[in-house]
Amino acid sequence: MARSSKQTEPPGTAARQWSPRVSAALLERLAARAAAPAATKTIVIEAPFSGEVLGHVPQGAPADVVAACAQAREAQQEWAQRSFAARAAVMLRFHDLVIDNSAEILDIIQLESGKARRHAFEEVLDVAIQARYYAHTAAAFLEPRRRQGALPVLTKAWEHHHPRGVIGIIAPWNYPLTLAVGDAVPALMAGNGVVVKPDALTPFSALWAAGLLEEAGLPRGLLQVVTGRGAELGEPLVDAADYLMFTGSTATGRKVAALAAERLKDSSMELGGKNALLVLPDANLRRAVPGAVRGITSNGGQLCISIERVYVHAAVYDVFAARLAVSLRAVRLGASLTFLEDMGSLIGADQLAKVAGHVADAVGKGAEVLAGGNARPDLGAYFFEPTLLSGVSAEMDLCRAETFGPVAAIYRCASVDEMVARANDSSYGLNASIWTRDTRFGRELATRIQTGTVNINEAYSATWASASPMGGFKESGLGRRHGAQGIVKFTEAQTVAVERLLAIDTPPFLNHQQYATLMSAAMKLLKRVPIVK
Ligand code: NAD
């Protein structure tokens, strides 16, 4: 999504000190890291807190993507020969560097995305968690392992995982560090080169991380960041990379998946959501209310797994809705590079227009505002209050479309079955949250929800920060990140088998009929022999 129309201007940022740690000169050095020598224009990067020009980056051209992929491919040859332990050492140094330099990257993330510092910190934590996790587990997932052959004794087989080559990563603006780098970590640990195309609104975090990875020991050129516009750079990246990791909207994901499919390239799509939170009659409301607030307001609701639909059992609806409204009104909004605020700004003018438009459409068609409902230009250019609406119905945009803002609709439900049915009544299937004191029942109920992740007594992060797969059912995506699936997908699997003693064919001392009879009898016996996994 474009932030504004004033996108291509010559450089000219005043030499401003944005924070004690981030100066215009630092941002210029980061921009110089962009793998975009063919750029003839620059992109203006705005600071959402104030609407001022933060800096500029080159507007990369398709030729830059081709060159970046070629350089990453060259560097990858040597990287792929390194042991898992050697690659892990780089990732663990990167882990420490990210934590040690977190104050600087927190400033950068906040300045380019407008989010609150506590939400920027989630990105720092996430990248460190991914680096540690895959540094310690990549070998176990990917080292060659013995597999049972078609017939025991006769065949010895091994499963190998080869790097695919160059992984293209297309990332959105909402988590500019996590979503540009979090998937690069397993891609690199699997022995690949990586070309990242960050969103045109938020390129500095990815450029910063690329510098830190090199400082940690990543070979020069192995990870490239090409800044520019997705519509121009997407297709060349699909052409030149060996696998596409896309995170963004369902609409763009469809286009990228189609481009990849035409070229018979594999891809992974992490797309949109319209996530439901279910409050059961036995929920602990002292935890459920702040949990819902966090789910609705994290990153100003600009989070694929944030909560936009709240289904509450009638037994607790009145008290829950009242308390949630009070708590949403108490959320502290503000634009500072400190941990004082609960929620920051939206990313820009287009996102503000979309969020305000969904609220106005719903109110115009009869929805009732229980909390918030307004833009807050007094705080900064693109602030919008945490908002809760009741009486939302199917003809309102807010009902089914992803708002991607701090806005939720709350619904009264007569039964748990109704809550599940309504939660599942969506073209999306990304995340859900269930609040109940009976966690055993909650876990059973979770398996009836058609989403890739279900958090019990948590809004979104219990399932994110884990070694288990994360991704979407239905129109929320294809493939998964995290866990084994989050690294195996960046490899080509190969089976190597050695045939011993006899071929799997009629031996010379039998005719085909005798062989078939013998093998049929052998199959009955083999059925009793356990398969070695
Ligand atoms: P978007 O689809 O507009 O942009 C995402 C990326 O795609 C950007 O880098 C953009 O430059 C690029 N792009 C745009 N057009 C392209 C094209 N034709 N070819 C190739 N690339 C192109 O999404 P957005 O508005 O930036 O991000 C918000 C969306 O992302 C929301 O729908 C949100 O739910 C989703 N999201 C999903 C996850 C997840 O893990 N499932 C995580 C974060 C965000």
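Residues numbered from 1 in each chain as written. Predicted model: local features only at pLDDT ≥ 70, side-chain atom pairs only at ≥ 80, totals over all residues. Heavy atoms only, no water.

Novice: Tell me about empty space enclosed by the protein, residues and numbers included.
Specialist: Applying the stated criterion across every chain yields a total of 5 cavities of 30 Å³ or more. In this structure, the largest cavity encloses a volume near 80 Å³. Lining the largest cavity are 16 residues; nearest its centre among them are Arg309, Ala423, Tyr428, Gly429 and Thr451. Elements with a minimum of two residues in the lining of the largest cavity: strand E10 (275-279), helix H15 (416-424), strand E15 (428-429) and strand E16 (431-435). (1 Å grid on protein atoms, 1.4 Å probe; cavity = no way out; pocket = protein on both sides within 12 Å on 5 of 7 lines; lining within 4 Å. Points joined across faces, edges and corners; volume = space filled by probe spheres on them. Helix = DSSP H or I, 4+ residues; strand = E, 2+ residues; numbered from the N terminus.)

Novice: Pulling in residues and values, what's your account of the pairing of strand E6 (residues 193-197)?
Specialist: With 5 of its 5 residues buried, E6 lies for the most part within the structure. Side chains Gly193, Val195 and Lys197 of E6 all project onto a buried face; the interleaved residues Val194 and Val196 project onto the opposite face, where all are buried too. By the bridge criterion, 5 bridges tie strand E5 (residues 166-170) to E6 in an arrangement that is parallel. Opposite isoleucine 170, over in E6, you have lysine 197 as the bridge partner. As paired strands, E6 and strand E7 (residues 223-225) are joined by 3 bridges and run parallel to one another. (Buried < 20%, exposed > 50% of the residue type's maximum accessible area, 1.4 Å probe, protein only. Pairing = 2+ DSSP bridges.)

Novice: Now, about the packing of aromatic side chains: what can you tell me, with residues and values included?
Specialist: One pass over the full model with this rule turns up 7 aromatic pairs. When the ring of tyrosine 133 is compared with that of phenylalanine 141, the centres are 6.3 Å apart and the planes differ by 50°; the resulting orientation is tilted. Aromatic ring contacts, followed pair by pair, group Tyr133, Tyr134 and Phe141 into a single cluster. In this structure, arginine 87 is placed above the aromatic ring of phenylalanine 84, and the distance from its NZ or CZ to the ring centre is 4.9 Å. (Phe/Tyr/Trp six-rings, centres within 6.5 Å; stacked < 30°, edge-to-face > 60°. Lys NZ or Arg CZ within 6 Å of the ring centre and 35° of its normal.)

Novice: A description of the pairing of strand E4 (residues 155-163) should follow, citing residues and the corresponding values.
Specialist: Bridge count for strand E3 (residues 145-148) against E4 is 4 bridges, and the pairing is antiparallel. In the strand pairing of E4, arginine 146 is matched with tryptophan 158. Here E3 hands over to E4 after 6 residues, with valine 153 in that stretch at a positive phi of 75°. Two elements, E4 and strand E20 (residues 491-499), share 9 bridges in a ladder whose sense is antiparallel. Residue pairing in the sheet places histidine 160 in a bridge with glutamine 494 of E20.

Novice: Mind laying out the domain arrangement of the protein, listing which residues take part and the relevant values?
Specialist: When its domains are assigned, the protein resolves into domain 1 (19-142 + 162-271) and domain 2 (275-471). A straight line from the C-alpha centre of domain 1 to that of domain 2 covers 29 Å. Of the residues lining the interface, 33 residues belong to domain 1; the matching set on domain 2 comes to 35 residues. In total, domain 1 and domain 2 occlude about 2,500 Å² of area from one another, counting both sides; carbon and sulfur atoms represent 59% of this. (Domains from an automatic or database assignment. Contact = heavy atoms within 4.5 Å. Buried area = accessible area lost by both parts, 1.4 Å probe.)

Novice: Any details on the site of the ligand? Residues and values, ideally.
Specialist: In the vicinity of the ligand there are 27 residues, among which Ala171, Ser249, Thr252, Leu271 and Glu402 approach most closely. In this structure, an oxygen atom belonging to the ligand sits 3.4 Å away from a side-chain N or O atom of aspartate 199. Side-chain polar atom of serine 249 to an oxygen atom of the ligand: 2.6 Å apart, as the coordinates give it. When residues of the shell around the ligand are assigned to their parent elements, the largest contribution, 3 residues, is made by helix H9 (residues 230-240). Along the lines of polarity and charge, the residues of the shell around the ligand split into 13 nonpolar, 9 polar and 5 charged. Taken domain by domain, the shell around the ligand gets at least three of its residues from each of domain 1 (19-142 + 162-271) and domain 2 (275-471). (Near = heavy atom within 4 Å. Polar contact = N/O pair within 3.5 Å; in protein donor to acceptor, adjacent residues only side chain to side chain. Nonpolar A, V, L, I, M, F, W, Y, C, P; charged D, E, K, R; others polar.)

Novice: Kindly report on the packing of helix H2 (residues 62-81) against H9, identifying the contributing residues and their values.
Specialist: Packing of H2 against H9 brings their axes to within 8 Å, and their N-to-C directions diverge by 30°. The handedness of the crossing between H2 and H9 comes out as right-handed. Contact with H2, carried on its side by Pro62, Val65, Val66, Cys69 and Arg73, involves Glu232, Leu233, Pro236, Leu237 and Ala240 of H9 and no other residues of that element. Considered class by class, the residues forming the contact of H2 with H9 number 8 nonpolar, no polar and 2 charged. (Axes fitted to C-alpha atoms, helices over the stretch in contact; angles between N-to-C directions. Left-handed = near helix turned anticlockwise from the far one by under 90°.)

Novice: Quick one: what's the story with helix H8 (residues 204-215), residue by residue and with numbers?
Specialist: Side chains three or four residues apart in an α-helix point the same way, a direct result of the helix having 3.6 residues per turn. Between its first and last C-alpha, H8 extends 17 Å over 12 residues, near the 16 Å set by a 1.5 Å rise per residue. In terms of burial, H8 is a largely internal element, 10 of the 12 residues being buried. Looking only at H8, the buried set comprises Phe204, Ser205, Ala206, Leu207, Trp208, Ala209, Ala210, Gly211, Leu212 and Leu213. Backbone geometry just after H8 places glycine 217 at a positive phi near 115°. (Expected span 1.5 Å × (residues − 1).)

Novice: Tell me about the pattern of salt bridges, and name the residues and values.
Specialist: Counting across every chain of the model gives 27 salt bridges. With a closest N to O distance of 3.5 Å, arginine 164 and glutamate 492 form a salt bridge. With arginine 164 in the loop between E4 and E5 and glutamate 492 in strand E20, the pair connects residues that are 328 residues apart, well separated along the chain. A salt bridge links arginine 400 to aspartate 425, with the nearest nitrogen and oxygen atoms 2.8 Å apart. Here aspartate 425 lies in the loop between H15 and E15 and arginine 400 lies in helix H14 (residues 397-400), a separation of 25 residues in the sequence. A relative accessible area of 44% places aspartate 425 in the partly exposed class. Put simply, Glu235, Asp239, Glu262 and Arg263 are held in one network by salt bridges that share partners. (Salt bridge = Lys/Arg side-chain N within 4 Å of Asp/Glu carboxyl O.)

Novice: An account of the nonpolar core is needed here, citing residue identities and associated values.
Specialist: Grouped together as the largest cluster of nonpolar side chains are 107 residues, with contacts concentrated most on Phe94, Phe204, Leu223, Phe320 and Ile410. With 9 residues, helix H5 (residues 117-142) is the largest single contributor of residues to this core. Three or more residues apiece are contributed to this core by two domains, here domain 1 (19-142 + 162-271) and domain 2 (275-471). Excluding residues within four positions of it along the chain, isoleucine 410 makes contact with Val310, Val312, Tyr317, Phe320, Ala321, Leu324, Leu370, Leu388, Leu389, Ser390 and Gly391. Within the second largest apolar cluster, 31 residues are counted, among which are Val359, Ala362, Tyr411 and Val420. (Core = buried A, V, L, I, M, F, W, Y, C linked by side-chain atoms within 4.5 Å.)

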